[in-house]
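The chain contents come next:
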Amino acid sequence: TKKGFIFDLDGVIVDTAKYHFLAWKKLANSVGVDFTEAQNEQLKGVSRKKSLEQILEWGDKSLSEEEFIELMVLKNDDYLSYVDKMDENEILPDVPKILNFLIEEGHPIALGSASKNARNILEKVNLLSYFNTIVDGNSVTKGKPNPEVFFKAAKALKVPPKDCIVFEDARAGIKAANLAGMISIGIGQKDVLHEANYVFNDFTEISIDFIKSLINN
Ligand code: B16
Ligand code: MG
């Protein structure tokens, strides 16, 4: 049967978390708030707005609505200065191998990301043409762990949710995939992503035989 494959962006296809970290840290420090790598870790898969709310809460800081919007713009401008320099070299190992196999076998592919910059990033790393549909932060109203992003992706791929397979690096994303009734594949640490149906450290650990077994199930 035809399966739908849904990929998260940050942490699955590219490691943009390091750029989010630099941009959030600069911004947080500029308003006198500390920001650590561990905190950045907790913002994976979280929308820009929710991330800033969380950072301000950690720093016990409150802002006016105008200031809040201004900071969101500043953060994104800084983040985009890193994105602008991205190219194919930033694609995580063995991602193209899996994408090419799925395309050869005729299984449709979607992006399911919280990022509003997803299309821009896929263009930068030259992967846009691999995706049948892009569902990102511009197309959803409810962030992960709400399954909206993955339901929309399945619908666009014309594949029932139970025949969809999701690759995710964030706990919230794994929860969203499970709530959608999809097969969840965690990319990262087993202890963090224990709710996933399968967990791998990265795509170099995922064999074509494993993908075939998902397709034939
Ligand atoms: P933007 P994903 C998420 O991407 C990131 O993990 C998260 O750190 C970021 O805040 C969010 O996108 C929003 O990104 O500011 O570009 O709209 O993992 O869902 O692909
Ligand atoms: Mg992610």
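As a starting point, this report considers the structure included with it. (Residues numbered from 1 in each chain as written. Chains lettered and ligands numbered in written order. Predicted model: local features only at pLDDT ≥ 70, side-chain atom pairs only at ≥ 80, totals over all residues. Heavy atoms only, no water.)

## Some remarks on the site of ligand 1
- Every one of the 17 residues lining ligand 1 counts as a neighbour, but Val 46, Ser 113, Ser 115, Lys 116 and Asn 117 are closest to it.
- Between an oxygen atom of ligand 1 and a side-chain N or O atom of Asp 8, the distance comes to 2.9 Å.
- Between an oxygen atom of ligand 1 and a main-chain N or O atom of Leu 9, the distance comes to 3.3 Å.
- Relative to its free-state accessible area of 470 Å², ligand 1 is covered by the protein chains to the extent of 98%.
- In terms of residue class, the shell around ligand 1 is built from five nonpolar, six polar and six charged. (Near = heavy atom within 4 Å. Polar contact = N/O pair within 3.5 Å; in protein donor to acceptor, adjacent residues only side chain to side chain. Areas by Shrake-Rupley, 256 points an atom, 1.4 Å probe, with all protein chains shown as cover. Nonpolar A, V, L, I, M, F, W, Y, C, P; charged D, E, K, R; others polar.)

## Comments concerning the side chain of Glu 90
- Residue position: Glu 90 is located in the loop between helix 4 (65-83) and helix 5 (95-104).
- You can call Glu 90 buried: its relative accessible area is 16%.
- Within the structure, the side chain of Glu 90 is placed 2.7 Å from the side chain of Tyr 19, a separation counted as a polar contact.
- Not counting residues within four places of it along the chain, the set of residues in contact with Glu 90 comprises Ile 13, Val 14, Asp 15, Lys 18, Tyr 19 and Val 125. (Helix = DSSP H or I, 4+ residues; strand = E, 2+ residues; numbered from the N terminus. Buried < 20%, exposed > 50% of the residue type's maximum accessible area, 1.4 Å probe, protein only. Contact = heavy atoms within 4.5 Å.)

## Examining the sheet that holds strand 4 (residues 164-168)
- Here six strands make up an open sheet; going across it, the order is 3-2-1-4-5-6 and the pairing parallel. Each having just a single partner strand, strand 3 (133-135) and strand 6 (198-200) make up the two edges of the open sheet. Neighbour-to-neighbour, the strand axes of this sheet turn through a mean angle of 20°, independent of strand direction.
- Pairing analysis gives three bridges linking strand 5 (residues 183-187) to strand 6, with the strands arranged parallel. Note on strand 6: the bridge partner recorded for Ile 187 is Phe 200.
- Docked against the sheet, helix 5 engages strand 1 (4-7) and strand 2 (109-112), running at close to 155° with respect to strand 1.
- Contacts from helix 8 (residues 171-179) reach strand 4 and strand 5 within the one sheet, and its direction differs from that of strand 5 by about 170°. (Pairing = 2+ DSSP bridges. Axes fitted to C-alpha atoms, helices over the stretch in contact; angles between N-to-C directions.)

## A closer look at the coordination of the magnesium ion (ligand 2)
- Taken together, Asp 8 (OD), Asp 10 (O) and Asp 169 (OD) make up the protein donors of the magnesium ion (ligand 2), found 2.0 to 2.2 Å from the metal.
- One chain supplies every donor to the magnesium ion (ligand 2), and in sequence these donors are spaced D-x1-D-x158-D. Side by side, Asp 8 and Asp 10 carry an identical accessibility label, which is buried. (Donors = N, O, S within 2.8 Å, 3.2 Å for Na, K, Ca; no water.)

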